[in-house]
2 protein chains.
Amino acid sequence: MRARAPASAANLGPGFDSLAVALRLHVEVEVTPAPSLTIRVEGEGDDLPVDGSHLAARVAVAAAGTDRLAVTVRSSIPVGRGLGSSAALAVAAAAAAGSDDPMAAGMAVDGHAENAAASVLGGLVGATIVQGRPVAVPLPFDPALTFVVLVPARPIATARARQALPAQVAHADAAFNLGRMGLLVAGLGDHRLLVRHATDDRLHQAARQSLFPEATHLMAGLLEAGAAAACWSGAGPSVLGICTSDTAPRVRAAGEQLLAVTTVGGRALLLEADREGLVVQDARPPV
Amino acid sequence: MRARAPASAANLGPGFDSLAVALRLHVEVEVTPAPSLTIRVEGEGDDLPVDGSHLAARVAVAAAGTDRLAVTVRSSIPVGRGLGSSAALAVAAAAAAGSDDPMAAGMAVDGHAENAAASVLGGLVGATIVQGRPVAVPLPFDPALTFVVLVPARPIATARARQALPAQVAHADAAFNLGRMGLLVAGLGDHRLLVRHATDDRLHQAARQSLFPEATHLMAGLLEAGAAAACWSGAGPSVLGICTSDTAPRVRAAGEQLLAVTTVGGRALLLEADREGLVVQDARPPV
């Protein structure tokens with residue numbers, strides 16, 4: 001079977017481990033019976049070790065209950081950039097191997113639910129873990145909104161990004177993020193309500209700043225160019241400008257400039273939200 | 001002029017200081033020119049001191065810029081029960097005295113925005129404070145939902161409820177509430193998505209438990225009777241069961257029983273969300 005899952009941007013400022021939006025960048029995984037385990041990777045991530053330890057292989061074997069599989073991965077999702085590549089890959093690999101719960105397979109990658117939920121459901125999702133299981137819900141998303149994604153040339157390891165977080169936070173900071181999240185959910189559901197303070201955050205972006213100090217400058221530049229709001233994508237280093245379609249080309253051009261004049265390097269992508277989520281199809285061509 | 005504002009239930013579990021829903025219980029304030037300040041109160045709150053120190057008098061005087069006013073308050077909102085009576089009163093008094101920003105007047109009462117925002121906008125709101133000013137947005141609310149409100153006989157002072165909160169919380173608890181808030185916003189927008197874990201909270205309800213230990217038992221009873229979810233209303237002591245219209249009468253009956261068999265006493269109200277918010281009208285009858 002063959003399955004395709006979208007990338008995703010999690011957190012979106014205040015919604016730490018709780019919000020994500022699927023983006024139109026995809027990974028496709030094909031799993032077919034074979035005499036022994038083989039894995040082939042094309043596109044993004046083809047520089048990673050390609051053997052039985054590869055995430056797609058491990059997830060497919062676990063889902064199929066056998067290692068007599070040929071696993072093929074074709075990915076357009078940059079790896080280690082905060083775009084949910086691992087969750088999308090696990091979701092697609094699990095589905096292509098016949099899993100009936102690809103979201104749980106996606107969650108198992110890093111222990112939180114929102115990237116996997118966005119890769120399965122598409123669109124904007126709220127997601128969390130209840131009694132060890134992912135629980136995810138669709139949230140209204142205004143199709144007038146689109147994303148400029150600055151993808152820096154150098155990755156951040158998610159584990160390092162997690163270690164940067166404090167164990168304790170001020171109660172007022174916890175409340176601060178809740179308040180901003182209310183504004184953000186409303187604004188993503190209706191772009192006329194979206195204000196730039198909706199992506200303010202006090203729980204993770206500042207703590208991760210040392211891992212990617214240029215982020216603040218990049219976000220300010222996106223706002224200056226006309227983005228309605230800006231934030232980190234997941235644990236970074238990618239940075240998002242949330243735009244309407246009329247401002248997005250200008251914001252993207254500004255993003256390219258910003259990456260060029262800083263020493264960051266990388267790409268400025270203009271990505272719509274993916275509304276399909278996980279798509280599974282039998283690999284055989286229609287008769 | 002005359003103005004009417006609804007009660008509201010804030011927090012709703014995870015949405016501490018960030019979410020509120022307006023409820024169909026109202027306070028009406030009439031403000032007319034007079035030789036000197038007079039204040040008259042009918043209904044709920046008529047046992048409070050009725051003089052120039054009364055909240056409605058202070059707010060009306062500040063809004064009108066004169067104390068030559070006759071202020072009349074007619075309220076159906078129980079006081080000190082976590083139903084936003086002060087914010088609703090301030091909103092209505094400010095509007096009736098000609099204020100062009102009654103939400104700010106409502107926010108000034110206790111320094112947070114969500115009760116005042118619900119009393120002004122009606123429906124479900126996300127609200128917070130940005131640079132000292134209230135910022136509020138409407139959030140989708142499913143009209144299939146209704147509320148059973150258990151209003152205990154004894155009040156809790158909001159100041160005491162605030163003092164019960166810790167200065168620091170675990171980062172994981174802050175993230176926990178964000179995750180639940182995503183579920184809650186989706187579920188209040190579409191009752192088919194509402195799960196009881198959507199009102200889970202780790203930021204205020206447990207800390208306030210000692211002020212009203214019966215709350216946990218009451219919430220469990222509402223759930224058992226068929227409420228989709230249950231939570232404190234604001235800082236308590238009122239407790240909400242979030243219901244669909246088919247379950248609400250049964251949940252209300254169970255709530256009355258619960259109040260009777262515990263030593264709490266009080267009323268079980270069945271209240272729909274108020275969708276009008278603040279209504280201002282000239283006091284003169286139409287010609």
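Residues numbered from 1 in each chain as written. Chains lettered and ligands numbered in written order. Predicted model: local features only at pLDDT ≥ 70, side-chain atom pairs only at ≥ 80, totals over all residues. Heavy atoms only, no water.

Participant: I would appreciate a short explanation of the relation of the copies chain A and chain B in the present structure.
Facilitator: Two copies of one chain are present, and they are related through a rotation about an axis combined with an axial shift. Superposing chain A onto chain B takes a rotation of 180° combined with a translation of 0.0 Å along the rotation axis, leaving an RMSD of 0.0 Å. These values place the two chain copies in the arrangement generated by a two-fold rotation axis. Comparing interface residues between copies, 100% of those in chain A also sit at the interface in chain B, which points to an isologous, same-surface contact. (Least-squares fit on C-alpha atoms with pLDDT ≥ 70 in both. Contact = heavy atoms within 4.5 Å.)

Participant: I'm lost on the state of the cysteines in this one. Help?
Facilitator: Note on terminology: disulfide describes a covalent bond linking the sulfur atoms of two cysteines. Per the stated rule, a full pass over the model turns up zero disulfides over all chains. No disulfide involves Cys243 of chain A; its sulfur sits 11 Å from that of Cys231 of chain A, the nearest cysteine. (Disulfide = S-S within 2.5 Å.)

Participant: What is the right way to read the pattern of salt bridges from this model?
Facilitator: Residue and element names in this part refer to chain A. One pass over the full model with this rule turns up 28 salt bridges over all chains. The salt bridge involving Arg267 is made with Glu44; its shortest N-O contact spans 3.4 Å. Remark: Glu44 occurs in the loop between strand 3 (38–43) and helix 1 (55–64) and Arg267 occurs in strand 11 (residues 266–271); sequence separation between them is 223 residues. Across the salt bridge formed by Arg202 and Asp173, the nearest N and O atoms sit 3.1 Å from each other. Taken together, the positions of Arg202 in the loop between helix 6 (171–189) and helix 7 (205–208) and Asp173 in helix 6 put the pair 29 residues apart, joining distant regions of the chain. Counted as one network, the salt bridges with shared partners bring together Arg2, Glu28, Glu30, Arg40, Glu42 and Arg74. (Salt bridge = Lys/Arg side-chain N within 4 Å of Asp/Glu carboxyl O. Helix = DSSP H or I, 4+ residues; strand = E, 2+ residues; numbered from the N terminus.)

Participant: Just to check I follow, could you spell out the confidence of the model for chain A for this structure?
Facilitator: The predicted coordinates of low-pLDDT regions are not to be read in fine detail. Mean pLDDT for chain A: 94, with 98% of residues reaching 70 or above. Overall fold confidence (pTM) sits at 0.95, and the ipTM for the predicted complex is 0.94. (pLDDT = per-residue confidence, 0-100.)

Participant: What is the right way to read the sheet that holds strand 11 (residues 266–271) of chain B from this model?
Facilitator: Strand pairing in a sheet takes place through backbone hydrogen bonds and is either antiparallel or parallel in direction. Residues and elements named next belong to chain B. Strands sit in the order 9-10-7-11 across an open sheet of four strands; the sheet is antiparallel. A single partner strand is all that each edge strand has here, and the edge strands are strand 9 (229–232) and strand 11. Pairwise comparison of adjacent strand axes, ignoring direction, gives a mean angle of 20° for this sheet. Each of strand 7 (145–152), strand 10 (239–244) and strand 11 touches helix 9 (residues 248–261); the most contacted strand, strand 11, lies at about 170° to it. (Pairing = 2+ DSSP bridges. Axes fitted to C-alpha atoms, helices over the stretch in contact; angles between N-to-C directions.)

Participant: Got a minute to help me understand the packing of helix 8 (residues 215–224) of chain B against helix 9 of chain B in this structure?
Facilitator: Residue and element names in this part refer to chain B. Orientation of helix 8 relative to helix 9, taken along the N-to-C sense of each, is 150°, at an axis distance of 9 Å. Here helix 9 runs roughly antiparallel to helix 8, going by the angle between their axes. Like other packed secondary-structure pairs, helix 8 and helix 9 cross with a definite hand, here right-handed. Counting all contacts with helix 8, which are made through His217, Leu218, Gly221 and Leu222, the residues of helix 9 involved are Val251, Gly255, Leu258 and Leu259. Each residue belonging to the contact of helix 8 with helix 9 can be placed in one class, and the counts come to five nonpolar, three polar and no charged. (Parallel < 35°, antiparallel > 145°, perpendicular 65-115°, else oblique. Left-handed = near helix turned anticlockwise from the far one by under 90°. Nonpolar A, V, L, I, M, F, W, Y, C, P; charged D, E, K, R; others polar.)

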